[in-house]
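# A structural walkthrough
As a plain string of letters, each chain reads:
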Amino acid sequence: MRFRTSPSGVLAASVACLLALSAAPPGAAAHPADTRAEAQVYEAETGALHGVTVGTSAAGYSGTGYVEGFDAADDSVTVTVPDSPGGLHDLTIHYRAPYGQKTASLQVNGQGAGDVTFTPTDTFSTAAAGRVLLEEGENTVTVLNNWGWYEIDAISLSPSEPRPPHQVSGAPVDPDAGPEARELLSDLTENYGKNILSGQQDMASVQWLEDNVGAAPAVAGLDMMDYSPSRVERGTSSTEVENALAWDERGGITTFVWHWNAPSGLIDEPGKEWWRGFYTDATTFDVAAALADKQSPEYELLLRDIDAIAQELSRLQDAGVPVLWRPLHEAEGGWFWWGAKGPEPAKELWRIMYDRMVNHHGLHNLLWVWNSVDPAWYPGDDVVDIVSADSYPQQGDHGPVSGTYEKLVQLVGDEKLVALTETGSIPDPELLRTYEADWSWFTTWSGFSADEAYNPLEFVERVYRDEGVITLDELPDWRAGSGSGAPPGPGASPVSTVAPESDSSGREAAAREAGARR
């Protein structure tokens with residue numbers, strides 16, 4: 001399949017470069033790669049405080065103190081940035097998080113600008129928060145509570161550099177990948193940085209879009225959840241494979257997640273019911289212990305479950321359907337049992353699943369989509385085709401999720417595709433182009449497209465009409481051209497996919513729980 005090139009996407013990419021160049025201070029060079037304007041630091045304690053106070057008891061802060069007391073939903077600090085030249089800037093938050101991993105929400109000039117994750121630290125450190133678009137003159141940057149219980153020392157801003165061409169090869173990690181999988185990855189690679197593919201989780205929500213927006217997404221998100229053996233034992237059944245086959249007949253692209261109900265140890269009491277068995281707090285199953293003893297019944301249950309899902313995926317392979325396969329999602333959050341024991345068991349389980357499905361079961365229709373951002377959790381370039389993240393920003397925040405995008409690009413050296421595999425508020429395509437946040441596709445989670453608080457109908461219609469957003473009717477029959485443009489295998493030359501000048505938490509888990517419940 002060959003996606004169309006959006007004229008507005010090309011224009012916006014050029015405009016974004018000009019914006020970034022305009023952000024350089026007067027007299028600065030025209031942007032050679034080895035020069036950057038020095039970051040400007042703005043102390044948080046000098047900002048406008050709402051429900052928070054200035055502290056001095058923790059050592060190592062800059063200025064005269066830091067801001068603490070983020071314990072209520074609307075607690076915030078707003079820092080004024082005077083006399084900005086405008087344009088795209090890289091935002092860094094100087095913080096301390098002694099009580100574990102935390103998340104803060106950001107606003108620029110009163111508008112939502114996504115979230116930033118603070119990794120645990122007893123000393124003051126920094127967190128990259130992505131790009132922000134400043135106006136010429138005075139601007140404000142607000143850090144809003146979200147998870148809270150962190151301390152803010154300062155913010156710093158430096159002009160963003162134009163994004164260099166992406167270096168994505170388009171070669172699958174499975175050397176025996178089938179022609180359909182190769183063609184899909186090749187075409188996604190060719191499209192990368194030019195357009196974004198629209199996506200929607202669950203077929204009922206896809207139907208809602210068709211009925212109310214008059215368009216269908218290019219990507220349908222489905223779930224292997226009810227094929228989990230510990231759910232089947234309790235009477236569940238699923239037609240998701242049939243849904244995938246029907247979607248493929250319509251010419252759509254399929255992505256599967258797997259809310260893997262724990263193989264055993266389901267607590268099954270009020271609030272921890274068996275059907276919540278993918279959550280850490282609803283099972284006693286210990287993935288680290290299971291992996292530590294390859295002769296244990298628990299390890300055998302892991303293989304049993306993987307084999308059960310492989311059987312369903314093989315039905316799709318037999319029908320020539322490639323799958324964007326996203327198991328063990330959100331592992332680093334810890335709210336699912338496969339991430340509850342830290343990164344090492346999660347990475348080992350990923351590799352076991354890859355080997356079992358690819359080499360034991362001979363599944364070569366899968367493109368492997370990793371779904372955590374922290375480098376400590378990354379299982380390795382040799383078993384990952386695409387990296388991704390899930391994002392549920394505040395209501396009304398249609399920002400580009402650029403902070404997360406930049407971290408994923410850095411994670412893989414800009415050599416793999418990056419996708420926004422779950423979102424509540426859909427990112428604004430115009431902002432995606434301006435910020436050069438080149439997500440390959442987005443998938444709106446179940447129910448959120450129809451939720452006016454997150455996505456007003458007029459906005460959803462604008463997204464699906466945007467000429468830089470690919471919808472189902474704009475996807476050609478990619479199966480008919482399978483193999484026509486796909487790389488021959490690993491080691492293929494990288495493809496420069498940026499649009500050329502001449503020519504994309506616990507709170508999250510709770511938000512999605514209703515969609516996973518039966």
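Residues numbered from 1 in each chain as written. Predicted model: local features only at pLDDT ≥ 70, side-chain atom pairs only at ≥ 80, totals over all residues. Heavy atoms only, no water.

### Some words on the pattern of salt bridges
- Per the counting criterion, the structure on display carries 22 salt bridges.
- The shortest N-O distance in the salt bridge between R96 and E151 comes to 2.7 Å. With R96 in strand β6 (residues 87–97) and E151 in strand β11 (residues 151–159), this residue pair connects regions lying 55 residues apart in the sequence. Like E151, R96 is buried. (Salt bridge = Lys/Arg side-chain N within 4 Å of Asp/Glu carboxyl O. Helix = DSSP H or I, 4+ residues; strand = E, 2+ residues; numbered from the N terminus. Buried < 20%, exposed > 50% of the residue type's maximum accessible area, 1.4 Å probe, protein only.)

### Some thoughts on the confidence of the model for the chain
- Taken as a whole, the chain shows an average pLDDT of 87; of its residues, 85% reach a score of 70 or greater.
- For residues 5–36, every residue scores under 50 in pLDDT, and the model assigns this stretch 60 contacts once sequence neighbours within four places are set aside.
- A low-confidence stretch, residues 477–518 (pLDDT under 50), is modelled with 114 contacts involving residues beyond four sequence positions or located in other chains. (pLDDT = per-residue confidence, 0-100. Contact = heavy atoms within 4.5 Å.)

### A closer look at the environment of T434
- If you trace the backbone, T434 turns up in helix α10 (residues 429–435).
- A residue is classified by how much of its surface remains accessible, and T434, at 19% relative accessible area, is buried.
- Separated by 302 residues in the primary sequence, T434 and V132 have C-alpha atoms spaced 10.0 Å apart.
- In this structure the side chain of T434 is engaged in a polar contact, spanning 3.0 Å, whose partner is the backbone oxygen of E430. (Polar contact = N/O pair within 3.5 Å; in protein donor to acceptor, adjacent residues only side chain to side chain.)

### Some words on the packing of helix α5 (residues 240–249) against helix α7 (residues 297–318)
- Interaxial distance between α5 and α7 falls to 10 Å at its minimum, and their mutual angle equals 20°. One finds that α5 runs roughly parallel with respect to α7. When the axes of α5 and α7 are compared, the crossing they make is right-handed. In this structure, α5 contributes V241, E242, A244 and L245 to the contact, and α7 contributes E312, R315 and L316. (Axes fitted to C-alpha atoms, helices over the stretch in contact; angles between N-to-C directions. Parallel < 35°, antiparallel > 145°, perpendicular 65-115°, else oblique. Left-handed = near helix turned anticlockwise from the far one by under 90°.)

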